[in-house]
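# Remarks on the overall topology
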Number of protein chains: 2
Amino acid sequence: MNFDIRMAHLFSTLDDNQVRQVMESSHISTLQDGESLFETGDEANRFFLVIGGQVKLFRVSSNGDQKIIDIIQPGNTFAEALMFMEHPIYPVCAEALGPAKIISFDSKRFLQILSQSFSVCFRIMGTMSQRLRGLIKEIDDLTLQSATTRMCAMLLRRMEEIGKPHFTLPAAKGVLAARLSMKPETFSRILQNLSSKNILNTKGNEIHVIDAELLRSLAHLESVLGLEPEVHCALSSAKSLHSD
Amino acid sequence: MNFDIRMAHLFSTLDDNQVRQVMESSHISTLQDGESLFETGDEANRFFLVIGGQVKLFRVSSNGDQKIIDIIQPGNTFAEALMFMEHPIYPVCAEALGPAKIISFDSKRFLQILSQSFSVCFRIMGTMSQRLRGLIKEIDDLTLQSATTRMCAMLLRRMEEIGKPHFTLPAAKGVLAARLSMKPETFSRILQNLSSKNILNTKGNEIHVIDAELLRSLAHLESVLGLEPEVHCALSSAKSLHSD
DNA sequence: TTCGCCATTTGATGAAAATCAAGGCCCAAA
DNA sequence: TTTGGGCCTTGATTTTCATCAAATGGCGAA
């Protein structure tokens with residue numbers, strides 16, 4: 001296996017020797033769709049790097065609903081923050097979303113390397129800092145915004161990521177719904193609604209955005225709320241989205 | 001001022017010399033109730049330690065609603081995670097909840113000290129790790145649970161913190177409502193509801209829990225995080241959980 | 001004490017999203 | 001080709017909570 005872990009941000013400042021040390025404790029796994037990597041409450045003495053496919057992190061409520069916390073893409077690490085706790089326990093479940101390939105690393109071993117290199121320390125702190133920021137944003141999304149707003153924001157992110165108004169949804173609709181904290185039915189209805197407003201077209205998992213401006217105004221509903229009168233048209237059409 | 005910053009977890013492993021260095025860039029402020037420390041979007045070149053009173057961290061939507069992210073108790077630091085970002089910007093607003101006393105520190109200066117001491121590095125990583133966990137737990141609360149569930153969980157936490165079924169709410173009801181992402185009206189109604197079911201009695205800000213078991217079952221508490229013998233930042237009001 | 005300003009409570013109403021229940025679609029296996 | 005099982009969609013209904021509006025109550029200042 002000649003995959004260079006330095007492609008991952010976390011490992012990018014390691015020298016050859018350090019990479020070798022890290023790799024000594026590593027283990028590559030290939031996962032089937034839906035195969036579990038770890039569960040909430042498991043002892044967390046390893047962390048992970050996705051090198052193929054996707055891994056979803058989620059929590060399960062007592063009624064069986066899943067809230068997807070994050071979907072980890074290839075090249076990204078996860079669960080590395082836990083190595084700094086005394087009795088680390090995974091606070092989420094992780095399982096493959098489709099077939100996936102991952103490398104796992106021994107946390108203790110990595111801590112040893114960490115204690116030799118400030119640059120790696122700083123690197124990891126930067127990563128954690130970003131994650132913190134991301135989670136705050138997430139809380140923001142969940143509390144200050146409606147399901148429609150979240151949907152529009154997601155579509156816009158995806159659109160800008162691709163760079164074209166025509167793109168494919170990054171996962172099955174049901175999965176995205178869980179990611180956005182709504183039921184599949186709601187997801188479907190909102191999409192259908194946006195479509196009926198001629199803001200976009202859908203065909204299966206293909207999305208074609210027609211009116212990106214309107215979409216944007218829906219996604220930024222709140223920041224728009226207090227502003228100029230002219231945005232009111234966009235706003236009012238936003239409000240009427242659900243009422244007819 | 002002879003307050004020893006080593007009381008704070010983050011500084012606990014500093015030697016006298018390092019403490020002196022850190023203090024050189026520090027600044028003590030006394031805040032009135034409601035006085036702002038910083039706002040979302042401000043350049044973040046300082047971080048803070050609360051030594052008296054409380055500081056609330058929150059985000060604001062344009063309609064004026066506040067979502068309280070955290071309430072920082074004396075002895076705790078906040079905004080320290082930002083020093084690892086390239087162009088650090090506070091992602092939340094901070095203001096005093098009642099009169100408060102805080103010390104601020106220069107981030108750059110502290111980074112220098114950090115680059116001399118692995119123990120401080122590890123310390124800060126541990127802190128960040130806990131914050132991450134806390135935020136995940138938060139997302140959990142916001143999505144998988146109803147307003148009543150959140151209320152019950154909060155009451156239980158508070159009860160266990162105090163150790164008696166009779167206690168005082170840790171802040172004004174309106175503030176707690178925002179902390180739990182609900183309107184004051186809803187907060188009031190839920191409390192009234194619990195009371196009418198003889199689960200608890202209320203009188204002003206005094207709560208007397210009658211049926212803790214029932215309360216617990218309403219909170220749907222999966223003991224996912226139940227076993228956490230550790231640090232606990234007992235001061236901070238609930239939170240702690242994350243991997244990524 | 002009275003006044004006025006708060007935070008809180010209470011009631012009535014409405015809107016968003018969950019839930020319940022079918023039904024349709026697509027694809028893959030028989 | 002037919003069949004069956006995931007997904008997704010659609011419709012009807014219900015629940016939860018926000019919103020609007022109007023008391024109530026406490027507490028400090030005049």
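Refer to the structure above for everything that follows.
Notes on the structure in this doc start here. Everything numeric here is computed off the predicted structure, so don't read it as measured data.

## Some points on the overall build of chain A
Regarding its fold elements, chain A presents nine helices and nine strands. The burial tally for chain A puts 50% of its 244 residues in the buried class. Summarising the internal contacts of chain A: among those between residues at least 6 apart in sequence, 71% fall at separations of at least 24. Counting only carbon and sulfur atoms, one obtains 50% of the accessible surface of chain A, whose full area is about 11100 Å².

## Considerations on the interface of chain A and chain B
With 52 residues of chain A in contact, the opposing surface of chain B contributes 50 residues. Taken together, the connections running from chain A to chain B amount to zero salt bridges. Where the side of chain A that touches chain B is concerned, the elements lending two or more residues are strand 3 (46-60), strand 4 (66-72), helix 2 (107-114), helix 3 (118-144) and helix 8 (221-225) of chain A. Broken down by element, the side of chain A that touches chain B gets its largest block of residues, 20 residues, from helix 3 of chain A. For the side of chain A that touches chain B, a count of residues per class yields 28 nonpolar, 14 polar and 10 charged.

## As for the protein's contact with DNA strand D
Lining the immediate environment of DNA strand D, one finds 15 residues, of which A:Lys173, A:Arg189, B:Ala147, B:Thr186 and B:Arg189 sit closest. The sugar-phosphate share of atoms of DNA strand D within 4 Å of the protein amounts to 68%. In the model, a phosphate oxygen of DNA strand D is placed 2.5 Å from a nitrogen or oxygen of the B:Thr186 side chain. Only helix 5 (173-179) and helix 6 (184-196) of chain A together with helix 6 (184-196) of chain B provide two or more residues apiece to the surface near DNA strand D. Among the elements that take part in the surface near DNA strand D, helix 6 of chain A stands out by supplying four residues, more than any other. Along the lines of polarity and charge, the residues of the surface near DNA strand D split into three nonpolar, six polar and six charged.

## Let's talk about the side chain of A:Arg158
All names here are of chain A. With respect to the helices, strands and loops of the structure, Arg158 is situated in helix 4 (residues 147-162). A polar side-chain atom of Arg158 sits 3.0 Å from the main-chain carbonyl oxygen of Thr168. In contact with Arg158, not counting residues within four places along its chain, are Phe167, Thr168 and Pro170.

## As for the sheet that holds strand 7 (residues 166-168) of chain B
Residues and elements named next belong to chain B. One open sheet accounts for three strands, arranged 7-9-8; its pairing is antiparallel. In this open sheet, the two strands that pair with only one neighbour each are strand 7 and strand 8 (200-203). With strand direction ignored, the average angle separating the axes of adjacent strands in the sheet is 20°. Where strand 8 and strand 9 (residues 206-209) come together, four bridges link them in antiparallel fashion. Note that in strand 9 the partner of Thr202 across the bridge is Ile207. Here helix 4 (residues 147-162) sits on the sheet in contact with strand 7, strand 8 and strand 9, set at roughly 105° to strand 7.

## Side note on the relation of the copies chain A and chain B
Once chain A is rotated about the relating axis by 178° and shifted along it by 0.0 Å, it coincides with chain B to within an RMSD of 0.2 Å. Taken together, the turn and the small shift mark the pair as related by a two-fold rotation axis.

## So, the packing of helix 4 of chain A against helix 7 (residues 212-219) of chain A
Residues and elements named next belong to chain A. For the pair helix 4 and helix 7, the least separation of the axes is 8 Å and the interaxial angle reads 130°. Relative to helix 7, the element helix 4 is oriented oblique. Both helix 4 and helix 7 take part in a crossing whose hand is left-handed. Within the contact between the two elements, helix 4 uses Thr149, Cys152, Ala153, Leu155, Leu156, Met159 and Glu160 and helix 7 uses Ala212, Leu215, Arg216, Leu218 and Ala219. Among the residues making up the contact of helix 4 with helix 7, the classes are represented as nine nonpolar, one polar and two charged.

Rules behind the numbers
Residues numbered from 1 in each chain as written. Chains lettered and ligands numbered in written order. Predicted model: local features only at pLDDT ≥ 70, side-chain atom pairs only at ≥ 80, totals over all residues. Heavy atoms only, no water. Helix = DSSP H or I, 4+ residues; strand = E, 2+ residues; numbered from the N terminus. Buried < 20%, exposed > 50% of the residue type's maximum accessible area, 1.4 Å probe, protein only. Contact = heavy atoms within 4.5 Å. Areas by Shrake-Rupley, 256 points an atom, 1.4 Å probe, with all protein chains shown as cover. Salt bridge = Lys/Arg side-chain N within 4 Å of Asp/Glu carboxyl O. Nonpolar A, V, L, I, M, F, W, Y, C, P; charged D, E, K, R; others polar. Near = heavy atom within 4 Å. Polar contact = N/O pair within 3.5 Å; in protein donor to acceptor, adjacent residues only side chain to side chain. Pairing = 2+ DSSP bridges. Axes fitted to C-alpha atoms, helices over the stretch in contact; angles between N-to-C directions. Least-squares fit on C-alpha atoms with pLDDT ≥ 70 in both. Parallel < 35°, antiparallel > 145°, perpendicular 65-115°, else oblique. Left-handed = near helix turned anticlockwise from the far one by under 90°.

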